[in-house]
Amino acid sequence: MGLNGVKEVFGGSTTADVDVLICGAGPTGLVLAMDLARRGVSALLVEKSDRLFPGSRGKGLQPRTQEVLHDFGILDTVRAAGREYPRMLAWEGPDGRTRGREWDMMERSEPTEQTPYANGLLIGQSHFQALLHEELRALGGEVVFDAELTGFDQDADAVTARFADGREVRARYLVAADGGRSAVRRLLGVAMNGESVDPKPMLVADVVVAPDAFVDENNWHVWSGPSGPVVLCPLPGAFRLFQLIAQYEDVDAVPDATAEGVRKLTATRTPLAADEITEVVWASEFRPRAAMAERFRVGRVFLAGDAAHVHSPAGAQGLNTSVQDVYNLGWKLGQVLRHGAPAELLDTYEQERQPVAADVLGISTRLHRRALLGADSQRGNVVKQLGIGYRGGPLSSGAAGALQAGDRAPDGTLPEGRLFDLFSGPHFTLLAIGTEPPAVRSELVHVHTLTAYETYGRGLFLIRPDGYVGWAGETDRGLGEYLARCGAAPRTPARP
Ligand SMILES: Cc1cc2nc3c(=O)[nH]c(=O)nc-3n(C[C@H](O)[C@H](O)[C@H](O)COP(=O)(O)OP(=O)(O)OC[C@H]3O[C@@H](n4cnc5c(N)ncnc54)[C@H](O)[C@@H]3O)c2cc1C
């Protein structure tokens with residue numbers, strides 16, 4: 001069986017054996033499959049649909065997610081395909097054609113040495129997913145389409161998953177990346193606890209606007225009216241493609257997501273004529289909910305992304321939090337499956353990610369209730385997710401210089417190299433700053449000695465594969481034990 005390239009096995013037979021079965025090829029499943037592929041873990045990524053999701057819904061990549069993409073080596077490609085967030089522009093006047101106030105949806109910040117990606121990047125989710133799919137293929141992986149998981153059992157050694165067409169897969173672990181209505185979560189009987197964020201229904205659609213229509217691609221256009229706000233956001237990568245979001249003041253309204261319905265809504269609530277929407281590529285209605293799964297792990301099954309938590313779109317948090325769930329899980333699965341780390345390492349996934357998800361839920365709900373689309377809708381820096389960390393968590397040990405274990409490891413441009421480049425890849429990185437490094441004989445740990453870097457201060461810093469300080473100290477006391485917990489042995493940290 002080819003590494004991750006199990007398509008031929010699963011495609012030609014009724015059963016397959018893999019280390020990890022990933023259910024759902026949204027951004028969560030695709031990023032996990034990429035991470036496992038680069039770690040040499042055999043994984044099967046299955047998708048019930050016959051293609052990747054075609055809509056733009058999660059269109060904002062936050063700075064922390066851009067750092068993740070840097071680690072994967074695909075940030076330049078994604079940035080080239082995306083664009084900066086355009087400024088919001090409120091249209092006013094009786095005909096909705098008078099330019100009003102302009103503002104930034106996301107507070108803008110200047111990049112720094114420590115935080116080189118300071119602002120959100122705009123790219124439609126379907127476009128982003130296509131790039132992830134391309135990268136997965138380049139890593140030797142594949143998505144198996146038309147494969148709907150309908151049931152599974154787990155025993156002490158593995159999960160046996162069943163598919164709608166009778167196929168079966170036996171996997172050591174199953175990851176539910178199957179979205180907000182997760183079949184895996186339901187089959188597990190895990191409750192989703194939460195609330196409706198807003199009773200007002202919404203409609204989201206990707207529309208092509210006629211070239212000569214008066215809306216340009218330099219702004220995110222906003223119309224506010226008695227029936228509710230409508231926004232049109234230009235999407236990069238396709239000529240005159242916009243994401244339309246409409247909110248309905250009437251809680252009993254039933255959004256019409258047909259092409260005709262979208263055209264009618266546009267003509268009623270914006271100055272655009274119905275026939276200026278030349279194509280409706282995709283449309284859907286939704287009512288924002290904020291909810292989190294009671295557990296993120298049951299035995300050999302993990303919940304990640306929207307399967308574990310759903311949000312309001314306010315603040316562009318859902319897709320980003322989803323990507324970071326599996327960025328946390330991927331290396332742990334890799335260490336357990338390929339490097340003999342104790343299985344308890346996997347317990348830290350839920351312990352670390354559930355509090356993060358709970359915080360993010362609170363943030364997106366507060367933002368939604370304050371102002372979803374209107375003039376007060378500017379989002380502060382909290383949505384950039386750069387402040388998220390695992391201080392005090394089960395896998396954070398020690399402190400040194402200016403940092404504590406659990407902190408995000410900042411970037412730096414030093415004579416010895418750019419830190420994010422040193423971190424990039426599936427390995428751990430041990431930085432010895434202003435001190436002698438211990439002898440760590442493990443190919444899983446890259447050791448670098450730096451003369452000085454104020455941002456970190458003096459000491460030893462072990463950076464986890466997901467870019468957080470895992471362990472820090474002024475001496476190497478405790479480092480060996482930490483590495484053993486993470487399966488980063490063989491190693492012999494010798495005392496100087
Ligand atoms: C209007 C709107 C705007 C948004 N804006 C943003 C934003 O700007 N930024 C942001 O971060 N997030 C945003 N989000 C949220 C974002 O879209 C989601 O958080 C993201 O799609 C979650 O990814 P996922 O992979 O976990 O789930 P999904 O994208 O839902 O993918 C799940 C996949 O699993 C497949 N699947 C389901 N059941 C099965 C099964 N039984 N067997 C096999 N496959 C199955 C599905 O077909 C699907 O492809 C927005 C959402 C909406 C609705």
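Residues numbered from 1 in each chain as written. Predicted model: local features only at pLDDT ≥ 70, side-chain atom pairs only at ≥ 80, totals over all residues. Heavy atoms only, no water.

Asks: Please give an account of the domain arrangement of the chain that cites residues and values.
Replies: Examined at the domain level, the chain breaks down into domain 1 (7-56 + 123-196 + 290-384), domain 2 (202-287) and domain 3 (397-485). Placing a centre on the C-alpha atoms of domain 1 and another on those of domain 2 gives a separation of 30 Å. On the domain 2 side, the residues contacting the 11 residues of domain 1 number 13 residues. Where domain 1 abuts domain 2, roughly 950 Å² becomes buried across the two surfaces, and 71% of that area is made up of carbon and sulfur atoms. In this assembly, domain 1 and domain 2 are joined by zero salt bridges. Counting the contacts that link domain 1 with domain 2 gives two residue pairs in polar contact (both at pLDDT 80 or more). Residue classes in the side of domain 1 that touches domain 2 are distributed as six nonpolar, five polar and no charged. (Domains from an automatic or database assignment. Contact = heavy atoms within 4.5 Å. Buried area = accessible area lost by both parts, 1.4 Å probe. Salt bridge = Lys/Arg side-chain N within 4 Å of Asp/Glu carboxyl O. Polar contact = N/O pair within 3.5 Å; in protein donor to acceptor, adjacent residues only side chain to side chain. Nonpolar A, V, L, I, M, F, W, Y, C, P; charged D, E, K, R; others polar.)

Asks: Residues and numbers for the side chain of Q385, please.
Replies: Checked against the element boundaries, Q385 lands in the loop between α9 (347-370) and β22 (397-400). The exposure class of Q385 is buried, given its relative accessible area of 2%. A polar contact is formed between the side chain of Q385 and the side chain of Q317, at a distance of 2.9 Å. Among the polar contacts made by the side chain of Q385, one reaches the side chain of T321 at a distance of 3.2 Å. Residues within four places of Q385 in sequence aside, it is in contact with R64, Q317, N320, T321, Q324 and V360. (Helix = DSSP H or I, 4+ residues; strand = E, 2+ residues; numbered from the N terminus. Buried < 20%, exposed > 50% of the residue type's maximum accessible area, 1.4 Å probe, protein only.)

Asks: So what's going on with the site of the ligand? Which residues, and what values?
Replies: In the region of the ligand, 31 residues are neighbours, and T28, E47, Q125, D306 and L319 sit closest. Within the side chain of T28, a nitrogen or oxygen atom sits 2.7 Å from an oxygen atom of the ligand. At 2.6 Å from an oxygen atom of the ligand is found a main-chain nitrogen or oxygen belonging to L319. Protein chains shield 90% of the accessible area of the ligand, which is 1,000 Å² for the free molecule. Mapped by element, the contributors of at least two residues to the shell around the ligand are α2 (27-38) and α8 (318-339). Here the shell around the ligand takes four residues from α8, the largest share from any one element. In the shell around the ligand, the residues fall into 12 nonpolar, 12 polar and seven charged. (Near = heavy atom within 4 Å. Areas by Shrake-Rupley, 256 points an atom, 1.4 Å probe, with all protein chains shown as cover.)

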